[in-house]
Amino acid sequence: MNHIPIYKLSEFYDDILDAHDKEEIKEHLAQCPECQKHFEQLHTMVNLLSCLQTISLKRESFALDTIQKIKKHHAHKRYYAAMRGSFIAAIILLAIITFLPESIKHDTSFENIAKIGNSQHNQLKLDCIIPVAMDFNTALLLLQQNNARILYTSNSYIVAESDVDSFSSIRQMINGSDSYRKNILSDVAVNHTNKYNKHYPQLTHANKKKYIFRLQLR
Amino acid sequence: MSEYSDNELIDRVIAGDTDAFTDIVKRYQNKIFRYIYTRVYNYDEACDMTQDVFVITMESLKTFRRESQFSTWLFSIAVNYCKNYRRKNRHKIYSIYNADNEMEFQIPDLRQNQEELAITNESMQILLEELHKLPDDYRDILILRDIEGESYTTIAQALQLTLANVKVRIHRGREMLKSRLEKRGLI
């Protein structure tokens, strides 16, 4: 006698076989003690397993505790989201602070001309000092018209930077005005400290691309 | 227990009524706990893990597309959570001989119900131990089928298996458990 395959017994137990197979198995079980034993064992085991459905939580307040945990979790999430936001904002602020002076350096607009600090101004290497008999606004206008970058301003002078062409143009314009003193370069060379002397020869050479100079107001 | 359906409760929770989730927890806490308990076999740990499953469920409730029953979806969350938990704690040694376990579930005295089986607390412990020793895939499927009484289709959805695969695993799982229980003299 051919015994019923175990998987068929399992499917028979779960009642998922078609009517024909079911009938066949029923008939076989009625006359085969071995298959009957298997089926009874399966029945006993599944009955035992179903008893595990009685396993349950002993804690009465489990649901409320869970809700509390969820609320706590949400509060934590919000806190960490806020912290993350603050951290990112701080990083952005730090980046802005770090790169701000650089951006001001490249800004030639009138509003930003005096934003370079004293410490940076002191580090600038001047190529020359040009005494002019102009007021502050006129000197500033002159520099801006010639695309010079204003690096620093004070009541008595303006420090600016320009390329060779602009610098020549500025010099010519100052030359043309009454306020310009003749032989300015030699004047400065004589009157000023040796610190700047080394730069003067370069002023007449075309190899220098940029000049940093100070218009000394009177 | 609330008279609202799962979907009604979910709508309320999504609308912002967090307390409606209490009813969902009450409805499914034992089912999820049973599943987790048979995996970790430790009451306190199973409690914490069950809570975590509900926290995750609450968080992802908006993503529930209602293509399956809520209980099926919840169970699949529990299954995935347990898999991840096991991966994270793979070095942890689970003791299946927890002295406290004996007090953690109640065995109905079926003799009073005139059933054929005289089930003792000891036999339940043996059954739990042997169930715990089964490979995860087979244990999960036996829990769903023979403890929770879920249909083949629901099991396939919860475990993301084909129907044919479910049939094979149920049969193999039962075979494995049967031979283990035979050796222990339980059946």
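What counts, and at which threshold
- Residues numbered from 1 in each chain as written.
- Chains lettered and ligands numbered in written order.
- Predicted model: local features only at pLDDT ≥ 70, side-chain atom pairs only at ≥ 80, totals over all residues.
- Heavy atoms only, no water.
- Helix = DSSP H or I, 4+ residues; strand = E, 2+ residues; numbered from the N terminus.
- Expected span 1.5 Å × (residues − 1).
- Contact = heavy atoms within 4.5 Å.
- Pairing = 2+ DSSP bridges.
- Axes fitted to C-alpha atoms, helices over the stretch in contact; angles between N-to-C directions.
- Salt bridge = Lys/Arg side-chain N within 4 Å of Asp/Glu carboxyl O.
- Buried < 20%, exposed > 50% of the residue type's maximum accessible area, 1.4 Å probe, protein only.

Turning next to helix α2 (residues 19-31) of chain A. Look at α2 of chain A: 19 Å from first C-alpha to last across 13 residues, which is about the 18 Å you get at 1.5 Å a residue. Looking at the packing, one finds that the buried side of α2 of chain A touches α1 (6-13) and α3 (33-51) of chain A.

Let us now look at the sheet that holds strand β3 (residues 157-163) of chain A. All names here are of chain A. Pairing is mixed in the open sheet, where four strands are placed in the order β1-β4-β3-β2. Edge positions in the sheet fall to β1 (128-132) and β2 (149-153), since each has one partner strand and no second. Averaged over all pairs of adjacent strands, the angle between strand axes in this sheet comes to 25 degrees, irrespective of strand direction. Sheet analysis places β2 next to β3, joined by four bridges and oriented antiparallel. What sits directly across from R149, in β3, is E161.

What follows concerns the pattern of salt bridges. Considering all chains together, one arrives at 25 salt bridges over all chains under this definition. A salt bridge links K71 of chain A to D19 of chain B, with the nearest nitrogen and oxygen atoms 3.4 Å apart. Note that K71 of chain A is positioned in helix α4 (residues 62-105) and D19 of chain B in the loop between α1 (6-14) and α2 (20-40), a pairing that runs across two chains. Take K71 of chain A: its relative accessible area is 35%, and that puts it in the partly exposed class. Since its relative accessible area comes to 45%, D19 of chain B is described here as partly exposed. Close ionic contact of R27 of chain B with D6 of chain B constitutes a salt bridge, the shortest N to O distance being 2.6 Å. Of the two residues, R27 of chain B is situated in helix α2 and D6 of chain B in helix α1; the sequence distance between them amounts to 21 residues. D6 of chain B gets classed as buried once you look at its relative accessible area, which sits at 17%. Three or more residues joined by partner-sharing salt bridges are found here, namely R39, R86, D136, R139 and D140 of chain B.

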